Amino acid sequence: MGVSSSTANHSQTPEQLDVQFLGERCPFGDAELWHLYRCYQAWQRQPSKTTFLQDWAGECWTRRSKVRNTEAKEDDSSQQQMTLEEYVKKIAQLEREVLPVDFGNRLYQAVFTASQNAYGTQPPESSTSRADLEAFFEGLSNASRRGSRAALQVMFRSCQADHNETTIQATEFIRLGYRLALASEYLQGNHASIPIVEYTQQHDATLLALAQSIVEQGKKRLTYVQPDSTKNDEDDFSVTFEDILEWSEAVAPIFASILPTLFHTILFPGMSHSSTGRTTYEFPWVTDDSKPSSFFQHPTSSLLFTFGCLSPALGGSYYCLYTSTQDGLSFNRLQNALLGYSGPTLLLARTTGKKGSILGAFTASPWKESKDFYGNTDCFLFQVAPRTSIFRPSGSDRNFMYCNSYARSKGYDQQAHGIGFGGTTTEPRLFFPESFEQCIAGSRDMTFAHGQLLPDGQRFFELDSLEVWGVGGSEVVAAALGAQHQAREIKAENLRKARTVDRAQFLDDFQSGVIESKAFAHRNQVDHGRAGTYDEDKK
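Residues numbered from 1 in each chain as written. Predicted model: local features only at pLDDT ≥ 70, side-chain atom pairs only at ≥ 80, totals over all residues. Heavy atoms only, no water.

### Thoughts on the overall build of the protein chain
Across its full length, the protein chain holds 19 helices and 14 strands. Once local pairs closer than 6 in sequence are excluded, the contacts in the protein chain between residues at least 24 apart make up 68%. Counting every atom, the protein chain has about 26,800 Å² of accessible surface; 49% of that belongs to carbon and sulfur. (Helix = DSSP H or I, 4+ residues; strand = E, 2+ residues; numbered from the N terminus. Contact = heavy atoms within 4.5 Å. Areas by Shrake-Rupley, 256 points an atom, 1.4 Å probe, with all protein chains shown as cover.)

Spelled out as structure tokens, the structure:
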């Protein structure tokens, strides 16, 4: 007959019953649940509380080796050898210098407890009920494993001044995401020293542009929900959770992975993020051997942060393939930098003027010279200053990317000569002609979503600076550079062989007398012609 559930439950310990209860509700594996449950028990028994993040991260760090059946990081030696005291100090430093003031404790009160008490004000024995256990693990699940909506909801609630409020400030929400991303990178060991939060005019403007894009998305949503409603106050950055959710899906899909990435790092120190099968946020970083950039002037650049939010391929290492500040505004050099590179690229352009706009395109396909468009649906256009707008493929056409030099056809093809995206071969939507003069940024085409690439309806612009970056992560960039190097070696070898063949043929002809006979024959013809002309004149 089998054992009834009540009989089976009587044979289990209270701990096993708790873990079984959690396993039916939480998206963690068995080994992960037991690890978190042990941490929870030890955290409850702590005689005094410091901060939520320090106390909880310390318990997870102490028991990190107990998590079984997980994939460890390859380069975890120095990180994993830290003592508990060193690790807790690292968390404390993050709380002082990177994260918003009292973020961890506010997060605990908003998400991890059913009571209204502030963190550390209640005795440990008051939090031993099944309801408290469930509330706490609900918080862990929502912050790390329940997907985009749950993670964004946690961030939204941590920005609320009062849990009854229905709106928050978009600027505060974006700044929180930026700081969480920096904290995650530091805890993963990707920064040797504490990351310095950038405080510059450009930094503030970039994050403000990202916040403004949430407000703009909210306005669009409002016109669908309430067609007669208007929201025209440009200084009003208040947004609802639904505004944020739609914005994340349309503009910055990787933003929702920032908090889960940080919490995975805290909960399971040393466990690879890839073992979860979930998308992670990886703060972009410029490789040490890259040329100096006029766009990314600081390792914690908010512009790098913005790009990391737009696509999984825009996280990780960036390698500069071309920069106009060092290579000059030369189409030949730009084309040489692109052709043969097999990985995804990010093209960035800044317009002239006191408040230059920043716009460009992301491409996932290798560049090639062609009279036709090519590429795939991973390609998109963008503006990141003065506002952030993303124009992804509309599905109506496939004119993604275009590279056609005048030298290819000598102009006989009657097409636009330069680099372009969208539009047609005679007038791409975003276009950089070979001369780099009168560049075009249109607002409509059949390939990408409609919208202004430049403010105030501008269509033509002059370039201040242009850069192209190889992106996609360290392995992708290295493979693409290797393919480009190999392609260049093959081309150079073919040219060398061609020259060798020509030289060998010349020597053969010279030794056999062919060159001499040809030379004398030509000379005789010339002399004969001269003589004939002279005779005609004499007549």
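So much for the structure itself; the text now carries on.
### What about the environment of tyrosine 186?
Within the fold, tyrosine 186 resides in helix H10 (residues 170-187). Those residues in contact with tyrosine 186 that lie beyond four places of it in its chain are Lys90, Gln93, Leu94, His191, Ala192, Ser193, Ile194 and Pro195.

### With respect to unusual backbone geometry
Going from alanine 385 to proline 386, the amide bond is cis rather than trans, its omega being 5°. Topologically, proline 386 is positioned in the loop between strand S7 (380-385) and strand S8 (389-391). Of note, aspartate 456 is a non-glycine position whose phi angle comes to about 60°, a positive value. Tracing the backbone shows aspartate 456 in the loop between strand S12 (439-441) and strand S13 (460-461).

### Structural notes on the packing of helix H6 (residues 84-97) against H10
In helix packing, the relevant descriptors are the interaxial angle and the interaxial distance, both defined with respect to the helix axes. At a closest axis distance of 11 Å, the pairing of H6 and H10 adopts a crossing angle of 160°. Relative to H10, the element H6 is oriented roughly antiparallel. Crossing of H6 over H10 shows right-handed handedness. Contact residues: Tyr87, Lys90, Ile91, Gln93, Leu94 and Glu97 in H6; Arg179, Ala183, Tyr186 and Leu187 in H10. Looking at side-chain class alone, the contact of H6 with H10 contains six nonpolar, one polar and three charged residues. (Axes fitted to C-alpha atoms, helices over the stretch in contact; angles between N-to-C directions. Parallel < 35°, antiparallel > 145°, perpendicular 65-115°, else oblique. Left-handed = near helix turned anticlockwise from the far one by under 90°. Nonpolar A, V, L, I, M, F, W, Y, C, P; charged D, E, K, R; others polar.)

### Digging into the pairing of strand S11 (residues 430-433)
Burial of S11 is two-sided: the residues Leu430 and Phe432 facing one way and the residues Phe431 and Pro433 facing the other way are all buried. Looking at chain direction, strand S10 (residues 418-421) and S11 are connected through four bridges and run antiparallel. Along S11, the bridge assignment pairs glycine 420 with phenylalanine 431. Sheet topology places S11 next to S12; two bridges connect them, and they run antiparallel. Of the residues in S12, the one forming a bridge with leucine 430 is alanine 441. (Buried < 20%, exposed > 50% of the residue type's maximum accessible area, 1.4 Å probe, protein only. Pairing = 2+ DSSP bridges.)

### Describing H6
The terminal C-alpha atoms of H6 lie 20 Å apart, and with 14 residues this matches the ideal 20 Å at 1.5 Å per residue to within 8%. Regarding H6, the residues found buried are Tyr87, Lys90, Ile91, Ala92, Leu94 and Glu95. (Expected span 1.5 Å × (residues − 1).)

### Some details on the packing of helix H9 (residues 148-159) against H10
The geometry of H9 relative to H10 is characterised by a closest axis approach of 10 Å and an angle of 115° between their N-to-C directions. Judged by the sense of rotation from one axis to the other, the crossing of H9 with H10 is right-handed. Residues Leu152, Met155, Phe156, Ser158 and Cys159 of H9 form the contact with H10, whose participating residues are Glu172, Phe173, Leu176, Gly177 and Leu180. The residue inventory of the contact of H9 with H10, partitioned by class, reads seven nonpolar, two polar and one charged.

### So, the sheet that holds strand S4 (residues 317-323)
Strand order across the open sheet formed by seven strands is S3-S4-S14-S5-S6-S7-S8, with mixed pairing between neighbours. Only two strands of the sheet have a single partner each, and these edge strands are strand S3 (285-286) and S8. Those strands touched by helix H14 (residues 302-310) are S3, S4, strand S5 (345-351), strand S6 (358-363), S7 and S8, and its axis lies near 150° from that of S7. Contacts from helix H16 (residues 331-338) reach S4 and strand S14 (463-470) within the one sheet, and its direction differs from that of S4 by about 150°.

### Details of the pattern of salt bridges
Applying the stated criterion to the full structure yields 18 salt bridges. Ionic pairing is found between arginine 38 and glutamate 15, a salt bridge with its closest N-O pair at 2.9 Å. With arginine 38 in helix H3 (residues 30-45) and glutamate 15 in helix H2 (residues 14-23), the pair connects residues that are 23 residues apart, well separated along the chain. Aspartate 372 is paired through a salt bridge with lysine 371; the nearest N and O atoms lie 3.3 Å apart. Through salt bridges that share partners, Glu24, Arg25 and Glu134 make up one connected network. (Salt bridge = Lys/Arg side-chain N within 4 Å of Asp/Glu carboxyl O.)

### What to know about the packing of aromatic side chains
This structure, assessed with the given rule, holds 41 aromatic pairs. Taking the centre distance of 6.3 Å and the plane angle of 70° together, the rings of phenylalanine 255 and phenylalanine 305 count as edge-to-face. Taken together, the residues phenylalanine 255 in the loop between helix H12 (241-250) and helix H13 (258-267) and phenylalanine 305 in helix H14 connect sequence positions 50 residues apart. Judged by relative accessible area, which is 0%, phenylalanine 255 ranks as buried. Note on phenylalanine 305: relative accessible area 0%, which makes it buried. Centre to centre, the rings of tyrosine 281 and phenylalanine 283 are 6.3 Å apart; their planes meet at 80°, and the pair counts as edge-to-face. Of the two residues examined, tyrosine 281 and phenylalanine 283, each falls in the buried class. In textbook terms, an aromatic cluster arises when at least three aromatic residues are bridged by ring pairs, as seen for Tyr40, Trp43, Phe52, Trp56, Tyr108, Phe112, Tyr119, Phe136, Phe137 and Phe263. Above the ring of tryptophan 43, the side-chain terminus of lysine 49 is found at 5.4 Å from the ring centroid. Sitting over the ring of tyrosine 186, lysine 90 keeps its end group 4.6 Å from the ring centre. (Phe/Tyr/Trp six-rings, centres within 6.5 Å; stacked < 30°, edge-to-face > 60°. Lys NZ or Arg CZ within 6 Å of the ring centre and 35° of its normal.)

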